[in-house]
Amino acid sequence: MLIEIPAAEGTAEALLARPSSGGGPFPGVILYMDAFGLRPRIEDMAQRVAGWGYVVLAPNVFYRDGTVAELAPKGDMTTPEGRQAAGQAAFPRIGRLTADKALADIDAWVSALRALDGVAPGPIGTFGYCMGARLAVRTATSHPEAVAACGGFHGGGLATDEPDSPHLRLGTARAEFVFGHADHDRSMDAPAVARLGKALKAAGLKASNEVYRGASHGYSMADTSAFHEGATERHFRELRALLDRTLKG
């Protein structure tokens, strides 16, 4: 279901998924979408995680650019051509979501999750896809007192030379991290993966920093041509194990 929540610069829609059974309260987690926005595939993924016993909030991080309906991909992304066409509309939004804007919104997302009925007190988790992986890391580093679990899958730009690169603040985090990188990903190449791993180690964090061989950028998105079933199922297994041991242990 879609709900509305107050964000830094207006009202944002968000997907909310709850467990279909059990009395609760349940641990809360924030799911950060990929560049193609909130759509049925993200809803399916959120509901799958909710089925593990979590309340899942997936905000429209591009609310400044439009509503969920307005930003939804218009064409078939299951072909490379269709995915590329959708990207031409979606990718400019990533650049407009600067680090300062993202951090202001992250405060709102964390507050909104904690205020939801049925969310257990205590630590929360966060995970994201593509550019959403950066937002997940920024959530863990800006709210270390709250975030116990952070996952990033086929993420881009996690460890760059820019002064606001997400990896530079890992020293403030307390979460456990799990990364499942795409293979031969230009947005997160082998040197960047190594740089991220070095930063995780220097921060003394418990972390997994793996490349999923044979899986391209966007591998978890079943509504696109990048989908890789084996890598997708692996990411779900590793994500569930992360959430269960940090939020239910």
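Note: the structure precedes this text.
Procedures and definitions
For every chain, the first residue of its written sequence is number 1, and the numbers climb from 1 along that sequence. Totals for whole chains, interfaces and linings use all residues, but because this is a predicted model, local features are given only for residues with pLDDT of at least 70 and pairs of side-chain atoms are given and counted only at 80 or more. Only hydrogens and water are set aside; all other atoms, that is, all heavy atoms of the structure, feed into the side-chain values. Secondary structure counts use DSSP, requiring at least four H or I residues in a row for a helix and at least two E residues in a row for a strand, with both numbered from the N terminus. The globule rule is 2.2 Å times the number of residues to the power 0.38, and the radius of gyration it is compared with is taken over C-alpha atoms. Type-normalised accessible area, obtained with a 1.4 Å probe on protein chains alone, sets the label of each residue: buried when under 20%, exposed when over 50%, and partly exposed for intermediate values. Between two residues, a contact is recorded if the distance between any of their heavy atoms is within 4.5 Å. Per-residue and other accessible areas follow the Shrake-Rupley method at a 1.4 Å probe size, with only the shown protein chains counted as cover for residues. Residues counted as positive are Lys and Arg, residues counted as negative are Asp and Glu, and His and the chain ends are not counted. In plain terms, the charge of a residue is placed at NZ if it is Lys, CZ if Arg, CG if Asp and CD if Glu. Angular values range over 0 to 180 degrees, each being the angle between N-to-C directions of two axes fitted as lines to C-alpha atoms, with helices fitted over their stretch in contact. These descriptions rest on fixed angle ranges, namely under 35 degrees for roughly parallel, over 145 for roughly antiparallel, 65 to 115 for roughly perpendicular, and the rest for oblique. In this scheme, a crossing is called left-handed if the near helix is turned counterclockwise away from the far one by less than a right angle; it is called right-handed if the turn is clockwise. Gly is put with the polar residues, along with every residue not named as nonpolar or charged; the nonpolar set is Ala, Val, Leu, Ile, Met, Phe, Trp, Tyr, Cys and Pro, and the charged set is Asp, Glu, Lys and Arg. Cavities and pockets are defined on a 1 Å grid built over the protein atoms alone: a cavity is a set of grid points where a 1.4 Å probe fits but cannot escape, while a pocket is an open set with protein on both sides within 12 Å along at least five of seven lines, and lining residues are those with an atom within 4 Å of any such point. Grid points are joined across faces, edges and corners, and a volume is the space filled by probe spheres set on the points. Here, a salt bridge means any Lys or Arg side-chain nitrogen found within 4 Å of an Asp or Glu carboxyl oxygen. Only buried Ala, Val, Leu, Ile, Met, Phe, Trp, Tyr and Cys residues count toward a nonpolar core, and they belong to the same one when joined by side-chain atoms within 4.5 Å. One requirement defines pairing of two strands: DSSP has to find at least two bridges between them.

J.: A description of the overall build of the chain should follow, citing residues and the corresponding values.
T.: Across its full length, the chain holds seven helices and eight strands. A compact globule built from 249 residues should have a C-alpha radius of gyration of about 18 Å, and the chain, at 16 Å, falls within 12% of that. Within the chain, the fraction of its 249 residues that count as buried is 54%. Within the chain, contacts between residues at least 6 apart in sequence are counted, and of these 76% link residues at least 24 apart. Total accessible area on the chain stands at roughly 10600 Å², and carbon and sulfur atoms take up 52% of it. Of note, the chain has its 26 positive side-chain charges centred 5 Å away from the centre of its 28 negative side-chain charges.

J.: Help me get a handle on the packing of helix H4 (residues 99-115) against helix H5 (residues 131-142), residues and values and all.
T.: In the contact formed by H4 and H5, the axes pass within 10 Å of each other and the chain directions differ by 70°. Relative to H5, H4 is oriented roughly perpendicular. Crossing geometry of H4 relative to H5 is assigned as right-handed. Facing Ala-99, Ala-102, Leu-103, Ile-106 and Val-110 of H4, the residues of H5 in contact are Leu-135, Arg-138, Thr-139 and Ser-142. Grouping the amino acids of the contact of H4 with H5 by side-chain chemistry returns six nonpolar, two polar and one charged.

J.: Quick rundown of the layout of surface pockets? Include the residues and the values.
T.: In this model, the largest pocket occupies a volume close to 270 Å³. If you list the elements that add at least two residues to the lining of the largest pocket, you get helix H3 (80-96) and H5. Top contributing element to the lining of the largest pocket by residue count: H3, with five residues. Among the residues making up the lining of the largest pocket, the classes are represented as seven nonpolar, five polar and three charged. Counted as a void, the second largest pocket has a volume near 230 Å³. In terms of lining, the second largest pocket is formed by 16 residues, of which the most central are Ile-94, Leu-97, Ala-99, Arg-134 and Arg-138. Broken down by secondary-structure element, the contributors of at least two residues to the lining of the second largest pocket are H3, H4 and H5. It is H5 that provides the largest number of residues to the lining of the second largest pocket, a total of four residues. For the lining of the second largest pocket, the per-class residue count stands at seven nonpolar, five polar and four charged.

J.: Give me the lowdown on the pattern of salt bridges, citing residues and values where you can.
T.: Pairs may arise between side chains of opposite charge once their charged atoms sit close together. Tallied over the entire structure, the rule returns 13 salt bridges. When the shortest N-O distance is used, the salt bridge between Asp-34 and Arg-39 registers 2.8 Å. Ionic pairing is found between Asp-105 and Arg-64, a salt bridge with its closest N-O pair at 2.7 Å. With Asp-105 in helix H4 and Arg-64 in the loop between strand S4 (55-59) and helix H2 (68-71), the pair connects residues that are 41 residues apart, well separated along the chain. One salt-bridge network, in which partners are shared between bridges, spans Glu-9, Arg-64 and Asp-105.

J.: How would you explain the nonpolar core if you had to name every residue and give the values?
T.: Of all hydrophobic cores here, the largest spans 82 residues; its most connected members are Ile-42, Val-49, Val-56, Val-61, Trp-109, Phe-177 and Leu-243. Counting residues per element, this core draws most heavily on H4, at seven residues. Not counting the four nearest positions on each side in its chain, Val-61 is found in contact with Tyr-32, Met-33, Leu-97, Trp-109, Met-131 and Leu-135. Ala-35, Phe-36, Met-77 and Ala-86 belong to the second-largest nonpolar core, a separate cluster that totals five residues.

J.: I'd like a description of the sheet that holds strand S3 (residues 28-32), backed by residues and values.
T.: The strand order across the open sheet formed by eight strands is S1-S2-S4-S3-S5-S6-S7-S8, and the pairing between neighbours is mixed. Since the sheet does not close on itself, it has two edges, and those belong to strand S1 (2-7) and strand S8 (207-212), each with one partner. Neighbour-to-neighbour, the strand axes of the sheet open up by a mean angle of 20°, direction not taken into account. Along the sheet, helix H7 (residues 229-248) contacts S3, strand S5 (124-129), strand S6 (147-153), strand S7 (176-182) and S8; its crossing angle with S6, the most-contacted strand, is approximately 175°.

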